Amino acid sequence: MLIKKRPDWHLPETAVTDEKDYNHRREFIKKAGIMYAGSSVAAGVATGATAGFPEKPNVNRKYVVTDRKPTPYKYVTGYNNFYEFTTDKYLVRHFANQGWKTEPWTLKVGGHVEKELTLDVNDLCKEMGIEMRVYRFRCVEAWSMVIPWDGFPLSKLIKKAQPTSKAKYVKFTTFMDEKAAPGFKRYNNYDWPYTEGLRLDEANNELTFLAVGTFGKPMPNQNGAPIRLVVPWKYGFKSIKSLVRIDFTEEQPKTLWNSAAPAEYGFYSNVNPKVPHPRWSQATERVIGEGALADRIPTLMFNGYEKQVAALYKGMDLVKNF
Ligand SMILES: Nc1nc2c(c(=O)[nH]1)N[C@H]1C(S)=C(S)[C@@H](COP(=O)(O)O)O[C@H]1N2
Ligand SMILES: [Mo]
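Residues numbered from 1 in each chain as written. Chains lettered and ligands numbered in written order. Predicted model: local features only at pLDDT ≥ 70, side-chain atom pairs only at ≥ 80, totals over all residues. Heavy atoms only, no water.

**Remarks on the site of ligand 1**
Point 1. Close to ligand 1 lie 18 residues, the nearest being Asn80, Tyr83, Glu84, Arg228 and Lys241.
Point 2. Between ligand 1 and the protein, one listed contact pairs an oxygen atom with a side-chain N or O atom of Asn80 at 2.9 Å.
Point 3. In this structure, Lys241 approaches ligand 1 through a side-chain N or O atom, which is 2.7 Å from an oxygen atom.
Point 4. Here ligand 1 has 540 Å² of accessible area as a free molecule, and 100% of this is covered by the chains.
Point 5. Its residues placed into classes, the shell around ligand 1 shows 9 nonpolar, 6 polar and 3 charged. (Near = heavy atom within 4 Å. Polar contact = N/O pair within 3.5 Å; in protein donor to acceptor, adjacent residues only side chain to side chain. Areas by Shrake-Rupley, 256 points an atom, 1.4 Å probe, with all protein chains shown as cover. Nonpolar A, V, L, I, M, F, W, Y, C, P; charged D, E, K, R; others polar.)

Here is the structure:
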């Protein structure tokens, strides 16, 4: 059995799997008789919340990406990080669709709130309404995509939850079911469950999104069904998947990656081309897409969302608070 002490992104960039390996994996998947998701939605791939989706995506034109091509569906749903299942990006789709049930699903909201909430995710979708936003997505491993997400702003749920004056941060927690996902035992050096955190004002920023789908369809399991966070100006690991709890806290919450390697994965983790990862540059990124896995483009400050978020960090030392 493979026991990895360090995740993929602890390897140098050149060690990251290239397109040739992707084709190997496709062969493996075919031979094993596993359905391969092509460029359209594959039959038999489990998804999360199915209620509340509009017939046609309700695109919010305020949040579109005009300077880059959208990433094809097969990469968005076939090249994933979800360590609860496997550290192999090309096989997450396989392991996340072997009976893991993501509907129905309960999300609890607690901590410093007026009243604890226990929410059925389908009911929540209907109540909040679903819109589509296209965001840039930048992984700390220096690759990127452009992804259409379906969901609603986190601020809408925060309003419903009514945090008290003690609430200064928001803590997010992923599901933990050792029977449903092999990663908990295999990578037992991590402090499971996967947790993440934001400052309350970051959580209330207009961009911070709870996604329940992609490409106008309910969220595929491998992308974090049925409900996940999307924080487009931060490195991808902040966009925690398959949420079971959201808690309002007084203190800055502990997070899985910050606990695992505090010198490498800061609490803030804002995309910043000028602050290198200790073992690689963050100045450029590899664009994931057809025949262009090696194309590199410059990385933008706050992943191109400076206008929307710079005010959150006014006067802060962004090197110290990386
Ligand atoms: N629970 C959980 N959430 C997670 C991860 C994970 O391993 N577990 N990986 C993170 C990382 S490193 C990235 S880049 C994104 C990947 O999201 P995607 O597979 O939908 O592109 O999910 C983030 N959220
Ligand atoms: Mo990532």
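Additional details are given in the paragraphs that follow.
**Considerations on the side chain of Asn272**
Point 1. With respect to the helices, strands and loops of the structure, Asn272 is situated in the loop between helix H8 (256-260) and strand S11 (284-287).
Point 2. When neighbours within four sequence positions are excluded, Asn272 is seen to be in contact with Tyr235, Gln282, Met301 and Leu318. (Helix = DSSP H or I, 4+ residues; strand = E, 2+ residues; numbered from the N terminus. Contact = heavy atoms within 4.5 Å.)

**Looking at the pattern of salt bridges**
Point 1. Scanning all chains against the criterion turns up 14 salt bridges.
Point 2. Here Glu285 makes a salt bridge to Arg68, at a shortest N to O gap of 3.3 Å. Residue Glu285 is located in strand S11, and its partner Arg68 is located in the loop between helix H1 (19-31) and helix H2 (73-76); the two are separated by 217 residues in the primary sequence.
Point 3. The salt bridge partner of Glu264 is Arg279, with a shortest N-O separation of 2.8 Å. With Glu264 in the loop between H8 and S11 and Arg279 in the loop between H8 and S11, the pair connects residues that are 15 residues apart, well separated along the chain.
Point 4. The class for Arg279 is partly exposed, based on a relative accessible area of 32%.
Point 5. What you see here is one network of salt bridges that share partners, running through Arg68, Arg138 and Glu285. (Salt bridge = Lys/Arg side-chain N within 4 Å of Asp/Glu carboxyl O. Buried < 20%, exposed > 50% of the residue type's maximum accessible area, 1.4 Å probe, protein only.)

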